Amino acid sequence: MSMMMGRRAAAANGRGKDKGPKAKFSQLWPYLTEHKGSLVLAATLSLLGAVFSLAQPLLTGQVISAVQEGRDLVGVVSLLIALIIVSTIAGGFMYFVLTRTGEKVVLSARSKLAQRMLRLPIHEYDLRRTGDLVSRVSSDTTLLRAALTQGLVDMAGGAIIFIGAVIAMAVIDPVLLGTTLLVIFSAVAAVVFTARRVRAATTKAQERVGAMSAAVERALSAVRTIRAARAEAREADAIITDATQAYKQGVEIAKISSAVAPIGGMAMNAAFIVVLGVGGYRVAAGITSVANLVTFILLLFLMMRPIGQAFGAYASTQSALGALARIQEILALPIESELGDRPESSTAKPANSTAIEFDDVHFEYAAVPLEDGTLPEAKPVLDSVSFSIERGTRVAIVGPSGAGKSTILSLVERFYEPTHGRILLDGQPVQDLTRETLREQIGYVEQDAPVLAGSLRENLLIGKADATDEELKHVLGQVNLTEVLERDERGLDAEVGENGIMLSGGERQRLAIARTLLAAPPILLLDESTSSLDGLNEQRMREAIDAVAKNRTLIVIAHRLSTVVDSDQIIVLENGKVIGRGTHSELVKSTPLYKELAKHQLLV
Ligand code: ATP
């Protein structure tokens, strides 16, 4: 637990403080090596382009000499034109290959994130904001593409031209080359120093984009409440505040990056003036020829573009590393199955009359770090909870709001692990089962928004991907939802709206029950909706619960007396403690809290 908290504090710090997560250059490699083929092709084209580009000034030098010496120009001029055409085509093709590779890198980063993001331990979602996670998949990944297309290969292509030009220049005039390199290297040092700051600035900018996405998600997910409370302006302001912060960080990056280009430009101008001065003197002194000086200057011009590109590429690679840090932060998190799942454990189901047993279970949620990164005192949510539920029985858990009822179901599902005590399924500790096996045997219907945007069919198929239409209609009938099917001519393809908004509260929950029933689990956990139902809906819900309770163990967090009274066992929970167990008539006599709750028809 303490390790988990340590990481939480670090993660929170990562969000709020200046020192964000960092990525190293080496972490970019795996993304590149996945696409070796495309990169080799791009590099080959780049090499070809570089060789052709290098040949152009050399041929131009030849043209000048040919003119001076009165030789035939046709051959050399035709070669020059052919080279220009081929290098242009090679350049275009290389651009396409690179852009496509960039897209592939984005796709692979997004796939990895999607695979991982849906499998994180549940406590990670408690800690993080959905919008921020969304922006890592959508926005941060696109910066990787920039690093590749404008970045690495530009640098590689530039390097080839640079090396080739340097060799040619060394042959023509080593002294001139020495002076040129001196000027260029001092510029390189200045650029590296400046561009390194882009990385940290990008991480911060992306954090702000993440915060903005989270603000948008928050506002849109509760848009009706916000509209009813006339809080549109305030929520829009909150989004704009985050957008402004992102803008400021963007401007910060622009400031740093814009310093890079003039440094490069200045260096090249300085190199040009030095070459003209020193070269002019050397021509006047008869040490070198005009043709050599012109070729040298053309080679210098040829170098200018790749050097400028390499400077820009370095800055955009730094920027990609800033975004990669946010991607790697999620990829580095362990997924749920890596936390305490024992793959070697038995998946056999031993015969036992007890379906679920809690044995002295204690639990507390990990505290959310405060602004300063410290952790507040964790509050016990379940305190020495023990009970056992016989197979095939119907059990209701009741108690005041916040007593810990939903937490009990979360622990059965192993969304969280108890801090102390054991939970057994069919007599076997749940830790000895893989989560997969455990969840195969348990259906779980959440209290809130258990319906996803899409059609009735899509919602049901989550429970069993290969169910036939007959099966779908059958389960809808079991939970009294045939009417929903009939009221829309599209039948199973009728849309339910975002979060199932086109259905009533009771219908939503019954649809969620129907979905769970498709998987036919032997145990069903049901967190009953608190929304009040009219007489007819209440009746339908009761019938639905009666239908699903047949031939299975049903544990229901009950908010309605009608759900509770027929239960084989009722567990009364208060402040995380079991204060009563028994049937309705027993508890009315033995447990004052239950008697009080029952008097008010429960609904707490
Ligand atoms: P209700 O009937 O209102 O849903 P409940 O009895 O089901 O309440 P729980 O949802 O189990 O109660 O919550 C018990 C306590 O744990 C509450 O104090 C709640 O604030 C806290 N809690 C619940 N979920 C989390 C979480 N994910 N992280 C931190 N604390 C939580």
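Heads up: these notes are all about the structure in this document. Every residue gets a number counted from 1 within its own chain, in the order that chain's sequence is written. Two thresholds apply to this predicted model, a pLDDT of at least 70 for residue-level local features and 80 or more for giving and counting side-chain atom pairs, whereas whole-chain, interface and lining totals are computed over all residues. Excluding hydrogens and water, the side-chain figures rest on all heavy atoms present in the structure.

**Concerning the nonpolar core**
Phase 1 of the analysis: In this text, buried Ala, Val, Leu, Ile, Met, Phe, Trp, Tyr and Cys residues form a nonpolar core when linked through side-chain atoms within 4.5 Å. Each residue is placed in one exposure class: buried if its accessible area under a 1.4 Å probe, protein chains only, is under 20% of its type's maximum, exposed if it is over 50%, and partly exposed if it falls in between. Counting 43 residues, the largest nonpolar core has L460, L476, L511, I513, L554, I570 and Y594 as the members making the most contacts within it.
Phase 2 of the analysis: Sorting elements by how many residues they give to this core places helix α16 (residues 505-518) first, with 6 residues.
Phase 3 of the analysis: It only takes one pair of heavy atoms within 4.5 Å for two residues to be counted as in contact. Sequence-distant contacts of L511, that is, excluding residues within four places in its chain, are made with V451, L456, N459, L460, L476, L481, V496 and L503.
Phase 4 of the analysis: With 35 residues, the next largest nonpolar core counts A168, L176, V275 and L299 among its residues. The helix count covers DSSP runs of H or I at least four residues long, the strand count covers runs of E at least two residues long, and both are numbered beginning at the N terminus.

**Details of the side chain of Q569**
Phase 1 of the analysis: In this fold, Q569 is placed in strand β9 (residues 569-574).
Phase 2 of the analysis: Q569 sits in the buried class, given a relative accessible area of 14%.
Phase 3 of the analysis: Any N or O atom pair separated by 3.5 Å or less is treated as a polar contact, with the protein-specific requirement of one donor-capable and one acceptor-capable atom, and with residues adjacent in sequence counted only for side-chain atom pairs. Of note is the side chain of Q569, whose polar atom sits 3.2 Å from the side chain of R581.
Phase 4 of the analysis: If sequence neighbours within four positions are ignored, Q569 has contacts with S388, I389, R394, V395, A396, R581 and G582.

**A word on the site of the ligand**
Phase 1 of the analysis: One heavy atom within 4 Å of a molecule or strand makes the whole residue count as near it. Taken together, 15 residues lie near the ligand, and S401, G402, K405, S406 and T407 sit nearest.
Phase 2 of the analysis: Y365 has a polar side-chain atom sitting 3.5 Å from a nitrogen atom of the ligand.
Phase 3 of the analysis: In this structure, an oxygen atom belonging to the ligand sits 2.9 Å away from a main-chain N or O atom of G404.
Phase 4 of the analysis: Areas reported here follow the Shrake-Rupley algorithm with a probe of radius 1.4 Å; residue values treat only the protein chains shown as occluding. Here the ligand, which alone exposes 630 Å², has 67% of that area covered by the protein.
Phase 5 of the analysis: Ranked by residue count, the leading element in the shell around the ligand is helix α11 (residues 405-412), at 3 residues.
Phase 6 of the analysis: Any residue outside Ala, Val, Leu, Ile, Met, Phe, Trp, Tyr, Cys, Pro, Asp, Glu, Lys and Arg is labelled polar, Gly included; the first ten of those are nonpolar and the last four are charged. Within the shell around the ligand, the residues separate by chemical class into 5 nonpolar, 7 polar and 3 charged.

**Concerning the pattern of salt bridges**
Phase 1 of the analysis: The term salt bridge refers to a side-chain nitrogen of Lys or Arg lying within 4 Å of a carboxyl oxygen of Asp or Glu. Taken as a whole and assessed by the stated rule, the structure comprises 28 salt bridges.
Phase 2 of the analysis: Between E232 and R227 there is a salt bridge, with its nearest N and O atoms 3.6 Å apart.
Phase 3 of the analysis: Here D426 ties to R391 by a salt bridge, and the two come within 3.4 Å at their closest N and O atoms. In this pair, D426 sits in the loop between β4 (420-425) and β5 (428-429) while R391 sits in the loop between β2 (380-390) and β3 (394-398), placing the two residues 35 residues apart along the sequence.
Phase 4 of the analysis: Residue D426 is classed as buried on the basis of its relative accessible area, which comes to 10%.

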